[in-house]
Amino acid sequence: MAPSTKLGSILLLSASLVAAQQSTFPATPLIEKKFPSPTALPYKVDTDTNLIRGSQKGYNICNSTTENQESLCQTSYVNSIDDFCLWAPTEPNSIVGNTEGEMVAWCTKPGHGTRLIPAGALKGVQYMKTPDYAQLVGFVDQKFINIQSGDYGGEMDPGGADLVRVLAMRKLHVHDYVQRGNPLGGVVFSTAWGDVKQAVHWHNFMGGEAFCIKVCDPAGANAAHFCEHIFDRIGCAYNAPNNAKNGTFESCDGDNQDFPGIYTANGQVMTYTQPDEKLGPITTMPYQPKVPASSNCKQFSSTSLYAALATVSNPGVPAATAAPSGSTKAPSGSGTSTASRTGSAAAAGTGTSSGASSLAISGVAIITVMFSVVFLS
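Residues numbered from 1 in each chain as written. Predicted model: local features only at pLDDT ≥ 70, side-chain atom pairs only at ≥ 80, totals over all residues. Heavy atoms only, no water.

Asks: I'd like a description of the packing of aromatic side chains, backed by residues and values.
Replies: Taken as a whole, this structure holds 11 aromatic pairs when the rule is applied. Look at F231 and Y272: their rings are 6.0 Å apart centre to centre, the planes differ by 35°, and that puts the pair in the tilted class. Of the two residues, F231 sits in the loop between α3 (223–226) and α4 (235–239) while Y272 sits in the loop between β14 (268–271) and β15 (294–300), which places them 41 residues apart along the sequence. Judged by its relative accessible area of 1%, F231 falls in the buried class. Both rings, one in Y238 and one in Y287, keep their centres 5.2 Å apart while their planes meet at 85°; by these two values the pair is edge-to-face. Of the two residues, Y238 sits in helix α4 while Y287 sits in the loop between β14 and β15, which places them 49 residues apart along the sequence. A relative accessible area of 7% places Y238 in the buried class. Members of the aromatic cluster, each reached through a chain of ring pairs, are F231, Y238, Y263, Y272 and Y287. Cation over ring: K214 sits above Y133, and NZ or CZ is 5.1 Å from the ring centre. (Phe/Tyr/Trp six-rings, centres within 6.5 Å; stacked < 30°, edge-to-face > 60°. Helix = DSSP H or I, 4+ residues; strand = E, 2+ residues; numbered from the N terminus. Buried < 20%, exposed > 50% of the residue type's maximum accessible area, 1.4 Å probe, protein only. Lys NZ or Arg CZ within 6 Å of the ring centre and 35° of its normal.)

Have a look at this one:
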């Protein structure tokens, strides 16, 4: 055998051995890892080794010893308007698309063993509890949670991004593909349905100075549908339709939204299929999402909601400017109630509100569509 041929055979054999040793798919997808309570969590939820995306960056056993502004806690909570977490990077000036697998929890309340969202970073928040899910949508000065200003971001979810989905047809409703989630090992719990429970299905969009995070009732028959994670390029407006307003902090009851990607046109129920990124920018959408009706809305002041954040800062970023105070009422049962609002077919933030500040969440979706910002699921 010629030397060149022998060398080629050796290289081919080496490549085959590497391929055999390094895999893409984990033994168990993140979405199938279920825990009865936070106390049942292992140190790391993702224990797979030698996979192409590397190892879990942080840990899941979080307590007072891990609670600081350098925490790598990857156990998150979505409980209420004054007690929730967002996924965000560990280092200042980060791009979401480059760091979504390494995100850590940033929370509004001490006690979870996480980083805390700096004072003044939150500019407006709407919490919505519906029969099948709870969601928060809001405005945030994202540089204070280490997201680069001007980054229109992406999506974190338990589906992750490990090669291609086994089936790409939305009509088959693919949820069985083997993936590790973003962030790797990231889990979410909620008290929205009584005692703290793991929200197996959830999604969190971050970027464009805005966010939305939704957790779906683990006992609900349609949790995977409401917390869909295949529409990563069309943002909050289409995945979490809402009436959030910049400068307003409110908690509401609400109706369920339509399943993301499902809409009605001329009396016919239609299914939207997100085009492959290779086909270029999404320049038009065939529908506007319907904003669900809301009721029993109570407004609060940001200072009373997030009193525990008053002295919190991000060591890597200058102190934030104070957030708008919103209503002067405290976060109690006697908060200011507003009349029931009827959702509309407008994009997020355009339903019952007005003014430029109310359009920002919608702007995330619009800019994402127009410029094809890649929301990696």
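Asks: How would you explain the sheet that holds strand β1 (residues 75–80) if you had to name every residue and give the values?
Replies: A sheet is described by the order of its strands in space; here six strands give the open sequence β4-β3-β2-β1-β8-β9, paired in mixed fashion. Each of the sheet's edge strands pairs with one partner strand only, and the pair in question is β4 (115–116) and β9 (197–198). One ladder, built from two bridges, connects strand β8 (residues 187–190) with β9; its direction is antiparallel. When the bridges of β9 are listed, S190 appears paired with K197. (Pairing = 2+ DSSP bridges.)

Asks: A description of the environment of F35 should follow, citing residues and the corresponding values.
Replies: Note that F35 resides in the loop between α1 (3–21) and β1. Judged by relative accessible area, F35 falls into the buried class, the value being 15%. Sequence spacing of F35 and A199 is 164 residues, and the spatial spacing of their C-alpha atoms is 9.7 Å. Setting aside residues no more than four positions away along its own chain, F35 makes contact with A40, L41, P42, V45, V187, F189 and Q198. (Contact = heavy atoms within 4.5 Å.)

Asks: Explain the nonpolar core to me, and be specific about the residues and the numbers.
Replies: Grouped burial of nonpolar side chains is what soluble globular proteins tend to show. Grouped together as the largest cluster of nonpolar side chains are 49 residues, with contacts concentrated most on L122, V125, F211 and Y306. Elements that contribute at least two residues to this core include exactly β1, β2 (83–88), β3 (104–107), β5 (122–129), β6 (133–140), β8, β10 (202–207) and β11 (210–216). The element that contributes the greatest number of residues to this core is β2, accounting for five residues. (Core = buried A, V, L, I, M, F, W, Y, C linked by side-chain atoms within 4.5 Å.)

Asks: Before we move on, could you go through the pairing of β8 and cite the residues and values that matter?
Replies: What you see with β8 is no split at all: V187 and F189 on one side and V188 and S190 on the other are buried throughout. Relative to β8, β1 runs parallel, the two sharing three bridges. Looking at β8, one finds that S76 is bridged to V188. Hairpin connection between β8 and β9: a loop of six residues separates the two successive antiparallel strands, and G194 in this loop has a positive phi of roughly 105°.

Asks: Describe the pattern of salt bridges, listing the residues and the values that go with them.
Replies: Evaluated as defined, the whole model comprises six salt bridges. In this structure, the salt-bridge partner of D46 is R180, at a minimum N-O distance of 3.0 Å. In this pair, D46 is assigned in the loop between α1 and β1 and R180 in the loop between β7 (154–156) and β8, connecting sequence segments 134 residues apart. Taking relative accessible area as the criterion, R180 reaches 1% and is therefore assigned buried. (Salt bridge = Lys/Arg side-chain N within 4 Å of Asp/Glu carboxyl O.)

Asks: So, the state of the cysteines: which residues are in play, and what are the values?
Replies: What the rule picks out here adds up to five disulfides. The disulfide partner of C62 is C73, and the gap between their sulfur atoms is 2.1 Å. The disulfide joining C62 to C73 has a torsion of about 100° about its S-S bond and is therefore right-handed. Residue C62 is found in the loop between α1 and β1, and its partner C73 is found in the loop between α1 and β1; the two are separated by 11 residues along the sequence. A disulfide bridge connects C212 with C236, and the sulfur atoms are separated by 2.3 Å. Note on the C212 and C236 pair: the S-S dihedral is about -95°, so by sign convention the disulfide is left-handed. Of this pair, C212 sits in strand β11 while C236 sits in helix α4; the two residues are 24 residues apart in sequence, bridging distant segments of the chain. This pair shows no difference in class: C212 is buried, exactly as C236 is. Looking at the protein chain, its bonded cysteines, counted consecutively from the start of the sequence, adopt the pairing 1-2, 3-4, 5-8, 6-7, 9-10. (Disulfide = S-S within 2.5 Å.)

Asks: Account for the pairing of β6, with residues named and values stated.
Replies: Counting buried positions over the eight residues of β6 gives eight, a clear majority of the element. On β6, burial covers both faces: Y133, Q135, V137 and F139 on one face and A134, L136, G138 and V140 on the other are all buried. Relative to β6, β5 is paired through seven bridges, and the arrangement is antiparallel. The residue of β6 that forms the bridge with L122 is V140. From the end of β5 to the start of β6, which pair antiparallel, there are three residues. Two strands pair when backbone bridges link them, and β6 and β11 are joined in this way by seven bridges, in the antiparallel orientation. Bridge pairing in β11 links Q135 to K214.

That's the geometry; what it means functionally is another story.
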